[in-house]
Amino acid sequence: ILHLIKSLGRGGAEKLLLETLKLHDKNRFEFHCVYFLPWKNQMVDEISKAGAKVSCIPAKNNFLILLRLPWIIRYVRLNKIDLIHCHLPVAGIVGRLVKRITGVPLLYTEHNIQESYHRTTRLLNRLTYSWQNEVIAVSGSVAGSIQRNISSKVPVRVLPNGINVNEFVRDVAAGQAVRKKMRIPEQALVVGTVAVFRPHKRLDKWMEIFTRARQKNENLFALIVGDGPLRSELELQISRLGLSNYLFLTGLQVDVKPWLSAMDIFMMTSAYEGLPVALLEAMSMECAIVSTAVGGIGEVVRHGVDGFLASENDFESIAAFLTHVACNPLQIQKMGKSARAWVENSYNLTAMVQNLEDIYELYVHPKEHGSV
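Residues numbered from 1 in each chain as written. Predicted model: local features only at pLDDT ≥ 70, side-chain atom pairs only at ≥ 80, totals over all residues. Heavy atoms only, no water.

Draft legend 1. Main features of the overall build of the protein. Broken down by element type, the protein carries 17 helices and 13 strands. Seen through its principal axes, the protein has C-alpha atoms that stretch 60 × 40 × 40 Å. In the protein, which comprises 372 residues, the proportion classed as buried is 55%. Intrachain contacts of the protein at a sequence separation of at least 6 include 68% that bridge at least 24 residues. The distance from the centre of the 43 positive side-chain charges to the centre of the 34 negative ones in the protein is 5 Å. (Helix = DSSP H or I, 4+ residues; strand = E, 2+ residues; numbered from the N terminus. Buried < 20%, exposed > 50% of the residue type's maximum accessible area, 1.4 Å probe, protein only. Contact = heavy atoms within 4.5 Å. Lys, Arg positive; Asp, Glu negative; His and termini not counted. Charge placed at Lys NZ, Arg CZ, Asp CG, Glu CD.)

If you want it as structure tokens, here you go:
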């Protein structure tokens, strides 16, 4: 199986790839992973340790990635690849070209809604979508977006993201150590998030909402775990809002579990999402959720049970929900327990990996399973 992906930085799709590789049956499948952006290699070592043979075919941009087609074809033939599994649009587009030339079956995971992509990407998707064998949508919302935007007879099946619930377990001691490190009072309430600092995460709105909630509850502190191109702008906003002693940017973290253990509430203000892995991790670690109900988030979080949801641009409601739940510690605990149980039963990575392997078998050993 060849996983084809644009980069191996610390994004949601890359993290999911790593976690599934840890659980895959290496006696049944041999895994390869090819990526293109050499400077986004933060997860190369971890993916290698998880059992994949990792290679970089260097390219500086999307256009040059398409020009690397001969190198990818050569890799597929030399390594006798039986199935290509592409992630994210650019890898999907070049993978479909490889499939057209080599005939090797292609599986594509759609991690986000079509509306979130650049119009050139959407056009190329529409032109090439029928060249693949099957599409996996990470949520019902993503599947609906494919149906609305792309006229293709290629089958689309919904296979929601999952997480390793045995690994993502709340660690009170680790959370207390993080609070001590960041000089957050032991009895404070902490709202946090894990994100790449990109425009659609709307972390500027996140900070404004936190500011409003803290004005009504001075026991509220904040952690934003991650990094990205908007970091300098967010640092300026923290200073402008006077939040330097109450809201902390932690930078990229290889292990987010101690940071999630320090959070009581996990808040997202995204304009769009597929099905964010960070959200599932936070729920598994008993964080109450406050979020926009975009993409698959509305399919996962049960409003009033695991947390509170608001429509995409209803920041007033998000601020009201955060203010309310921050004043009700018992409700936070109850919602966190419900979130953990819900994810454990419905978004377990073990079940997701088994379903993936069943799909792989259809293409790797088609004669044993009938035509696909």
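Draft legend 2. Layout of the sheet that holds strand 13 (residues 307-310). If you trace the 6 strands from one edge of the open sheet to the other, you get 10-9-8-11-12-13, paired in parallel fashion. Looking at the sheet topology across the chains shown, the edges are occupied by strand 10 (247-251) and strand 13. Pairs of neighbouring strands in the sheet enclose a mean axial angle of 20°, with direction left out of account. Bridge count between strand 12 (residues 288-292) and strand 13: 4 bridges; the pairing is parallel. By the bridge assignment for strand 13, isoleucine 289 is matched with glycine 307. Most of the contacts of helix 14 (residues 315-326) go to strand 13, to which it runs at about 170°, and overall it touches strand 8 (189-194), strand 9 (220-225), strand 11 (265-268), strand 12 and strand 13. (Pairing = 2+ DSSP bridges. Axes fitted to C-alpha atoms, helices over the stretch in contact; angles between N-to-C directions.)

Draft legend 3. Geometry of the environment of glutamine 354. Tracing the backbone shows glutamine 354 in helix 16 (residues 349-364). A relative accessible area of 39% means that glutamine 354 is categorised as partly exposed. Sequence separation between glutamine 354 and glycine 95 is 259 residues, and the spatial gap between their C-alpha atoms is 24 Å.

Draft legend 4. Region of the structure containing the pairing of strand 1 (residues 2-5). Along strand 1, one buried face is formed by Leu2 and Leu4 and the opposite face, lined by His3 and Ile5, is buried too. When strand 1 meets strand 2 (residues 31-35), the two strands line up parallel, connected through 3 bridges. Bridging across to strand 2, leucine 2 finds its partner in histidine 32. With respect to chirality, the unit in which strand 1 leads through helix 1 (residues 12-23) into the neighbouring parallel strand 2 is right-handed. Relative to strand 4 (residues 84-87), strand 1 runs parallel, the two sharing 4 bridges. Its bridge partner being in strand 4, leucine 4 is matched across the sheet by cysteine 86. (Right-handed = clockwise from strand over helix to strand, strands pointing away.)

Draft legend 5. The sheet that holds strand 4, seen in detail. The strand order 3-2-1-4-5-6-7 describes an open sheet built from 7 strands, whose pairing is parallel. Lying at the two open borders of the sheet, with one neighbouring strand each, are strand 3 (52-56) and strand 7 (156-158). Direction aside, the axes of adjacent strands within the sheet are offset by 20° on average. Of the strands in this sheet, strand 5 (106-110), strand 6 (134-137) and strand 7 are in contact with helix 7 (residues 140-149), which crosses strand 7 at around 160°.

Draft legend 6. Main features of the side chain of histidine 3. Structurally, the position occupied by histidine 3 is in strand 1. A polar contact of 2.9 Å, which involves the side chain of histidine 3, links it to the side chain of histidine 87. Beyond its immediate sequence surroundings of up to four residues, histidine 3 is in contact with Leu17, Leu21, Phe31, His32, Cys33, Val34, His85, His87 and Tyr360. (Polar contact = N/O pair within 3.5 Å; in protein donor to acceptor, adjacent residues only side chain to side chain.)

Draft legend 7. Structural context of unusual backbone geometry. A positive phi angle, close to 75°, is found at leucine 88, a residue other than glycine. When you line up the elements, leucine 88 lands in the loop between strand 4 and helix 5 (89-102). Phi is positive for arginine 183, which is not a glycine, with a value near 60°.

Draft legend 8. Structural context of helix 15 (residues 329-346). Here helix 15 contains 18 residues, and its C-alpha end-to-end distance of 26 Å stays within 8% of the 26 Å for a straight helix at 1.5 Å per residue. The inward-facing, buried residues of helix 15 abut strand 8, strand 11, helix 12 (277-284), strand 12, strand 13 and helix 14. (Expected span 1.5 Å × (residues − 1).)

Draft legend 9. Looking closely at the packing of aromatic side chains. Across all of its chains, the model carries 8 aromatic pairs by this definition. Taking the centre distance of 5.7 Å and the plane angle of 75° together, the rings of phenylalanine 29 and tyrosine 360 count as edge-to-face. Note that phenylalanine 29 is positioned in the loop between helix 1 and strand 2 and tyrosine 360 in helix 16, a separation of 331 residues in sequence. Site record: aromatic cluster; members linked through ring pairs are Phe29, Phe31 and Tyr360. Sitting over the ring of tyrosine 246, arginine 214 keeps its end group 3.6 Å from the ring centre. A cation over a ring is seen here: lysine 257 above phenylalanine 168, with NZ or CZ 5.4 Å from the ring centre. (Phe/Tyr/Trp six-rings, centres within 6.5 Å; stacked < 30°, edge-to-face > 60°. Lys NZ or Arg CZ within 6 Å of the ring centre and 35° of its normal.)

Draft legend 10. Main features of the environment of alanine 341. As for its position among the elements, alanine 341 is in helix 15. Note on alanine 341: relative accessible area 34%, which makes it partly exposed. Linking alanine 341 and methionine 283, residues 58 residues apart in sequence, is a C-alpha distance of 8.7 Å.

Draft legend 11. Representation of the nonpolar core within the structure. Core analysis: the biggest nonpolar cluster contains 99 residues, and Leu223 and Phe266 have the highest contact counts within it. Core analysis: the second largest hydrophobic core is formed by 31 residues, Ala213, Ala222, Leu243 and Val290 among them. (Core = buried A, V, L, I, M, F, W, Y, C linked by side-chain atoms within 4.5 Å.)

Draft legend 12. A look at the pattern of salt bridges. Under the criterion given, the structure shown has 19 salt bridges. One salt bridge connects lysine 53 with glutamate 30, and the closest N-O pair in it is separated by 3.7 Å. Of this pair, lysine 53 sits in strand 3 while glutamate 30 sits in the loop between helix 1 and strand 2, placing them 23 residues apart in sequence. In this structure lysine 53 comes out as partly exposed when scored by relative accessible area, which is 46%. (Salt bridge = Lys/Arg side-chain N within 4 Å of Asp/Glu carboxyl O.)

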